[in-house]
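Observations on the three-dimensional arrangement
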Amino acid sequence: ENIGQFYRKDYFYKAIQEIDVNYPVTWNSPGEIPAGQAEIIVKPAYKNTVNKFWDLFHSKLKIVKNIDNFDWTSKFKTGELLFQEKLNFDIGDEYSWWGYRSENGMIYSVCSQHVKKYPDKSGRISHARLIKNKDVINIGNRIVEQLNYIGIADIQMIYDQKEGKYKVIEMNPR
């Protein structure tokens, strides 16, 4: 009905929280970030902010090491940015659920493991391999069912070795 809602990360994270799917700790403003928080990732909260963000940083995300200096965020309106814990992961710990959900609720999906990205771990997938991973397939299936999403989607997640669980990064509707 309204594909735009699936590009809003705040809507997306709230929906998957309702079905106990993990995602990185997320804050809506710098003031919410607890003192002593290590590196964080700042990224657009929804699709309409991507071009503005890219024009400023030439990247789809910004890694911030000094959380005391967020003066640059004043270039954005409240709610245009999302602040997340930075997950430390190795190559091979990132996965994609690629699938299709039909109007009658049938789901067809595959899982891929990201083998190489360009120019670095936060870049685009350049090499992936299809694998059998029941956890990734189950998480992706639950998400499209929860959202009542009809169509093709890519759901990206990282296996957080420290916590021993998958964390969903984003959904890209197609």
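Refer to the structure printed above.
The present account deals with the structure reproduced in this document. (Residues numbered from 1 in each chain as written. Predicted model: local features only at pLDDT ≥ 70, side-chain atom pairs only at ≥ 80, totals over all residues. Heavy atoms only, no water.)

A few points about the overall build of the protein
- If you tally the helices and strands in the protein, you get 3 helices and 9 strands.
- Secondary structure elements of the protein occur, N-terminal to C-terminal, as α-β-β-α-β-β-β-β-β-α-β-β.
- For 174 residues, the compact-globule formula gives about 16 Å, and the C-alpha radius of gyration of the protein, at 16 Å, lands near that figure.
- Its C-alpha atoms give the protein principal-axis dimensions of roughly 45 × 35 × 30 Å.
- Each of the 174 residues in the protein was classed as buried or not, and the buried ones make up 44%.
- Residue pairs at least 24 apart in sequence account for 59% of intrachain contacts in the protein once pairs closer than 6 positions are excluded. (Helix = DSSP H or I, 4+ residues; strand = E, 2+ residues; numbered from the N terminus. Rg over C-alpha atoms; globule rule 2.2 N^0.38 Å. Buried < 20%, exposed > 50% of the residue type's maximum accessible area, 1.4 Å probe, protein only. Contact = heavy atoms within 4.5 Å.)

Examining empty space enclosed by the protein
- Inspection of every chain in the model, using the stated rule, returns 1 cavity of 30 Å³ or more.
- Around the largest cavity sit 11 residues that line it, and Ile 91, Gly 92, Glu 94, His 114 and Lys 117 are the ones nearest its centre.
- Of all the elements, strand β6 (residues 107-118) adds the most residues to the lining of the largest cavity, at 4 residues.
- When the residues that make up the lining of the largest cavity are grouped by side-chain class, the tally is 3 nonpolar, 2 polar and 6 charged. (1 Å grid on protein atoms, 1.4 Å probe; cavity = no way out; pocket = protein on both sides within 12 Å on 5 of 7 lines; lining within 4 Å. Points joined across faces, edges and corners; volume = space filled by probe spheres on them. Nonpolar A, V, L, I, M, F, W, Y, C, P; charged D, E, K, R; others polar.)

Some thoughts on a nonpolar patch on the surface
- A cluster of nonpolar side chains, contributed by Trp 98, Val 110, Ile 125 and Leu 130, occupies part of the molecular surface with about 330 Å² of accessible area.
- Here Ile 125 shows up in strand β7 (residues 124-131). (Patch = residues over 30% accessible without salt bridge, like charges linked within 9 Å, V, L, I, M, F, W, Y side chains within 5 Å. Areas by Shrake-Rupley, 256 points an atom, 1.4 Å probe, with all protein chains shown as cover. Salt bridge = Lys/Arg side-chain N within 4 Å of Asp/Glu carboxyl O.)

Structural notes on the nonpolar core
- Counting residues in each nonpolar core, the largest one holds 26 residues, and the members touching the most others are Ile 143, Met 157, Val 168 and Met 171.
- Secondary-structure elements contributing two or more residues to this core are α1 (9-17), β5 (94-101), β6, α3 (134-146), β8 (151-160) and β9 (165-173).
- With residues up to four places along the chain from it excluded, the contact list for Val 168 reads Phe 12, Tyr 13, Ile 16, Val 21, Asn 22, Tyr 23, Pro 24, Ile 139, Ile 143, Ile 155, Gln 156 and Met 157.
- Counting residues in each nonpolar core, the second largest holds 12 residues, with Trp 27, Ile 33, Phe 53 and Phe 70 among its members. (Core = buried A, V, L, I, M, F, W, Y, C linked by side-chain atoms within 4.5 Å.)

Let's talk about the sheet that holds strand β2 (residues 40-44)
- Strand order in the open sheet formed by 4 strands is β1-β4-β2-β3, and the pairing between neighbours is antiparallel. If you trace the sheet from one side to the other, it starts and ends with β1 (26-27) and β3 (62-64), each paired once.
- Judged from the 2 bridges that link them, β1 and strand β4 (residues 81-85) form a sheet pairing that is antiparallel. By the bridge assignment for β4, Thr 26 is matched with Gln 84.
- Running over the sheet, helix α2 (residues 50-57) touches β2, β3 and β4 and is turned about 125° from β2. (Pairing = 2+ DSSP bridges. Axes fitted to C-alpha atoms, helices over the stretch in contact; angles between N-to-C directions.)

Remarks on the packing of aromatic side chains
- All told, the structure shown has 10 aromatic pairs when counted by the stated rule.
- Ring centres of Tyr 13 and Tyr 23 lie 4.6 Å apart, and the angle between their planes is 15°; on these two criteria the pair is classed as stacked. Highlighted residues: Tyr 13 in helix α1 and Tyr 23 in the loop between α1 and β1, separated in sequence by 10 residues.
- Here Tyr 23 falls in the partly exposed class, since its relative accessible area comes to 21%.
- Of the aromatic side chains, those joined through ring pairs into one cluster are Phe 53, Phe 57, Phe 70, Trp 72, Phe 76 and Phe 83.
- Positioned over the ring face of Trp 72 is Lys 62, at 5.5 Å from the centre of the ring. (Phe/Tyr/Trp six-rings, centres within 6.5 Å; stacked < 30°, edge-to-face > 60°. Lys NZ or Arg CZ within 6 Å of the ring centre and 35° of its normal.)

Comments concerning the sheet that holds β5
- Taken in spatial order, the 5 strands of this open sheet run β7-β6-β5-β8-β9, and their pairing is antiparallel. Bordering the open sheet on either side are β7 and β9, each of which pairs with just one other strand. Taken pair by pair, the neighbouring strands of this sheet meet at an average axis angle of 30°, ignoring direction.
- Here β5 pairs with β6 via 7 bridges, running antiparallel. When the bridges of β6 are listed, Arg 101 appears paired with Ile 107.
- Together, β5, β6, β8 and β9 form the strand contacts of α3, whose direction differs from that of β5 by roughly 45°.

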